[in-house]
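Here is how the chains run, residue by residue.
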Amino acid sequence: MREELSLRAYGKINLGLDVIRKRPDGYHEVKMVMQTVSLYDSLRLKKKEEPGIEVRTNLPFLPTGPDNLVYRAAELLLKEFGIGEGLFIDLYKKIPVAAGMAGGSSDAAAVLVGVNRLFKLRLSRIGLMERGVSLGADIPYCIMRGTALAEGIGEKLTKLPPMPDCAILLAKPPISVSTRFVYGNLRADSLPWHPDIDGMTEALAEGSLSGITARLGNVLETVTIPAHPQIQKIKDVMSENGAEAALMSGSGPTVFGIFKDKETAGRAGRKLRSAGLAKQIYTVRPFNVCRNGRR
Ligand code: ATP
């Protein structure tokens, strides 16, 4: 019987992020085009005889108790199914933290999938997504992965045709941005413009990279960039150094640039590093998923 499991939790970028309105319950209704990228955290789940959840991570500043989303994801399933055994979770993070790349949500999604497999709970993908949304709006998408339209609070998902292959340069400046601050300061009812999300889904259907780059847009930039002007500088350096287009992901501060090849992306990354604009810099690719859930 399997006692241990290794999993990958992939990061995401938003090719488009629009906010439709603030609901009376305080949540924001969004319309987003999500894309998984090939940068991932590694997780190892191991059953242990003594009850309890033990989390170990390579980042000393991350919580290892119930404040870590992987702990909460494991607890949710172990409690619901009355499992007496314990679980050890080893989390090796590469996705930048508090960066707009849904790293924590993706880790939690991987734990839900892993606990389901390890303890043979026989929950369907939909069953896992329904449970995941109680921990975070992005978790159902992180279970689905690939290219998707996310509506509602991010949990209503429609699969989209995969993003064409390209090089994606990720650069996170050394600042922390709180998602709560960004949404709290967004003037959802008087946004100056809206990204063309429908045009983006058409460009994906046509497999047109130029159609995608022409429509990149994120309304959260209207809050995060004035608070952190270095985000605009990173976008400018990417555009001046061969990016087809560059955009902030999620609530930031990570910026991604879309390039035709990884050599040009790498050169732009070196410029950003030498200018001291970002330390966490990665060249990645779109990660697309086949129908069986694997690449
Ligand atoms: P999103 O794009 O969904 O807003 P994010 O990339 O902005 O996510 P995360 O990296 O998921 O943000 O982390 C946000 C906060 O959650 C951090 O301040 C961190 O302390 C906490 N956190 C809890 N669990 C995790 C985890 N497994 N990985 C990273 N952060 C975690």
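Residues numbered from 1 in each chain as written. Predicted model: local features only at pLDDT ≥ 70, side-chain atom pairs only at ≥ 80, totals over all residues.

Draft legend 1. Here's a closer look at the sheet that holds strand β9 (residues 245–248). Strand order in the open sheet formed by 4 strands is β9-β10-β7-β11, and the pairing between neighbours is antiparallel. The open sheet has two edge strands with one neighbour each: β9 and β11 (280–284). Mean inter-strand twist for the sheet, computed between neighbouring axes without regard to direction, equals 15°. In terms of strand pairing, β9 meets strand β10 (residues 255–259) through 4 bridges, oriented antiparallel. Residue pairing in the sheet places A245 in a bridge with I258 of β10. Where helix α9 (residues 230–240) meets the sheet, it contacts β7 (167–172), β9 and β10, and its direction lies at approximately 10° from that of β10. (Pairing = 2+ DSSP bridges. Helix = DSSP H or I, 4+ residues; strand = E, 2+ residues; numbered from the N terminus. Axes fitted to C-alpha atoms, helices over the stretch in contact; angles between N-to-C directions. Contact = placed C-beta atoms within 7 Å.)

Draft legend 2. The arrangement of the domain arrangement of the chain in detail. As far as domains go, the chain holds domain 1 (4–159) and domain 2 (167–284). Domain 1 and domain 2 are separated by 23 Å when their C-alpha centres are compared. At the junction of the two partners, domain 1 supplies 23 residues and domain 2 supplies 34 residues. For the side of domain 1 that touches domain 2, the secondary-structure elements that each account for two or more residues are β1 (4–22), β2 (28–48) and β5 (147–151). By residue number, the principal contributor to the side of domain 1 that touches domain 2 is β1, which donates 9 residues. (Domains from an automatic or database assignment.)

Draft legend 3. Looking closely at the site of the ligand. Within the structure, the ligand sits among 19 residues, and L69, A102, G103, G104 and D107 are positioned closest to it. Secondary structure elements with two or more residues in the shell around the ligand: α1 (69–80) and α2 (103–118). For the shell around the ligand, a count of residues per class yields 8 nonpolar, 8 polar and 3 charged. Shared between two domains, the shell around the ligand holds at least three residues of each, these being domain 1 (4–159) and domain 2 (167–284). (Near = placed C-beta within 6 Å. Nonpolar A, V, L, I, M, F, W, Y, C, P; charged D, E, K, R; others polar.)

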